[in-house]
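Take a look at the letters that make up each chain.
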Amino acid sequence: MTESKDLRERENEAKWYVVHTYSGHENKVKANIEKMVENRGYVDDIFEVAVPTEEYVSTVGGGKKIKERKLFPSYVFVKMIINDVSWYLVRNTRGVTGFVGPGSKPVPLTEREMKSFGIADIHLPDVDVNVGDNIKVVSGAFKDFSGSVEEVNQEKRKVKAFISIFGRDTSVELEFDDIETI
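Residues numbered from 1 in each chain as written. Predicted model: local features only at pLDDT ≥ 70, side-chain atom pairs only at ≥ 80, totals over all residues. Heavy atoms only, no water.

> Describe the packing of aromatic side chains, listing the residues and the values that go with them.
Ring pairs (aromatic) are described by centroid distance and by the angle formed between their planes. Applying the stated rule across the entire model yields 3 aromatic pairs. Residues phenylalanine 142 and phenylalanine 145 carry aromatic rings whose centres are separated by 6.3 Å and whose planes lie at 75° to one another, so their mutual orientation is edge-to-face. Phenylalanine 142 gets classed as partly exposed once you look at its relative accessible area, which sits at 26%. Stacked on the ring of tyrosine 56, the Lys or Arg arginine 69 has its end atom at 4.1 Å from the ring centre. (Phe/Tyr/Trp six-rings, centres within 6.5 Å; stacked < 30°, edge-to-face > 60°. Buried < 20%, exposed > 50% of the residue type's maximum accessible area, 1.4 Å probe, protein only. Lys NZ or Arg CZ within 6 Å of the ring centre and 35° of its normal.)

In structure tokens form, the structure reads like this:
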């Protein structure tokens, strides 16, 4: 338990840095850094790697398709604690040309910049819902229905529950914000 608490404290000290990559190598760099962190055990220094993207609707030949594009081509965002080892490992990852900052000194993003880039740290607390708990739906399409929880997914912040619709138990997926325990 103390290991995960220490790791959480270190992650709170970590800052977001921007790494410049070869054009089109953003996802490869992200995968390489993540693999290196996992294989070499640097989870105490490098916490997250992100390539911010956005979805858009493309109309080609009369058909609409939802596609994804990079918000910052040739850049990867890394949440890390800078020290000689972590700097060296990221800087020498295949496809990386360097950190963004004067000379070779990385400059962390400010809170304001992170929010404008859409990568602000938002830590939502876990909801105390367990399988078998009775719930009431407080918003959404099934508002005022009640049921019992069959599955809880803390990561996606959703539950699967059986609610009674017209006298039949029906399995539905609900957001944590849409329910309350009875």
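> Give a detailed account of helix α2 (residues 26-40), specifying residues and quantitative values.
Taking 1.5 Å of rise per residue, 15 residues should cover 21 Å, and α2 covers 21 Å from first to last C-alpha, within 8% of that figure. Every buried residue belonging to α2 is among Glu26, Val29, Ile33, Met36 and Val37, and all of these are buried. Along the long axis of α2, the arc covered by the buried residues comes to 100°, so they all point the same way. Facing away from the buried surface of α2 by more than 90 degrees, the exposed residues are Lys28, Glu38 and Asn39. (Helix = DSSP H or I, 4+ residues; strand = E, 2+ residues; numbered from the N terminus. Expected span 1.5 Å × (residues − 1). Arc of directions from axis to C-beta.)

> Could you give an account of the nonpolar core, with specific residues and numbers?
Core analysis: the largest hydrophobic core is formed by 16 residues, its most contacted members being Ile33, Ile46, Val78, Met80 and Val90. Of all the secondary structure elements, the ones that give two or more residues to this core are β1 (15-21), α2, β2 (46-50), β5 (75-80), α3 (84-91) and β6 (96-99). If one sorts the elements of this core by residue count, α2 sits on top with 4 residues. The contacts of valine 78, once residues within four sequence positions are left out, are Lys15, Trp16, Tyr17, Val19, Ile33, Ile46, Glu48 and Val49. Val159, Ile163, Phe176 and Ile179 belong to the second largest nonpolar core, which has 12 residues in total. (Core = buried A, V, L, I, M, F, W, Y, C linked by side-chain atoms within 4.5 Å. Contact = heavy atoms within 4.5 Å.)

> Give me the pairing of strand β10 (residues 168-175): which residues, what numbers.
As paired elements, strand β9 (residues 158-165) and β10 share 8 bridges and run antiparallel to each other. By the bridge assignment for β10, serine 164 is matched with aspartate 169. If you look at the hairpin formed by β9 and β10, you'll find 2 residues sitting between the two strands, and phenylalanine 166 has a positive phi there, around 55°. (Pairing = 2+ DSSP bridges.)

> Report on the environment of valine 96, specifying residues and quantitative values.
Along the chain, valine 96 falls in strand β6. Relative accessible area serves as the criterion here: at 7%, valine 96 is assigned to the buried category. Separated by 74 residues in the primary sequence, valine 96 and tyrosine 22 place their C-alpha atoms 6.5 Å from one another.

> Would you mind going over unusual backbone geometry in detail, with residue names and values included?
You will see that serine 74, though not glycine, has its phi angle at about 75°, which is positive. Within the element layout of this structure, serine 74 appears in the loop between β4 (63-70) and β5.

> Kindly report on the sheet that holds β2, identifying the contributing residues and their values.
Judged by pairing direction, the sheet is antiparallel, and its 4 strands sit side by side in the order β2-β5-β1-β6 without closing on themselves. Two strands in the sheet have a free side with no partner beyond their single neighbour: β2 and β6. Taking the axes of each pair of neighbouring strands and ignoring which way they run, one obtains an average angle of 30° across the sheet. As paired strands, β1 and β5 are joined by 6 bridges and run antiparallel to one another. The residue bridging tryptophan 16 from the neighbouring strand is lysine 79, located in β5. (Axes fitted to C-alpha atoms, helices over the stretch in contact; angles between N-to-C directions.)

> Now, about the environment of glycine 147: what can you tell me, with residues and values included?
Position of glycine 147 relative to the elements: it lies in strand β8 (residues 146-153). With a relative accessible area of 14%, glycine 147 lands in the buried category. Considered as a pair, glycine 147 and asparagine 134 are 13 residues apart in the sequence and their alpha carbons are 5.7 Å apart. Excluding residues that lie within four positions of it along the chain, glycine 147 makes contacts with Asp133, Asn134, Ile135, Phe162 and Ile163.

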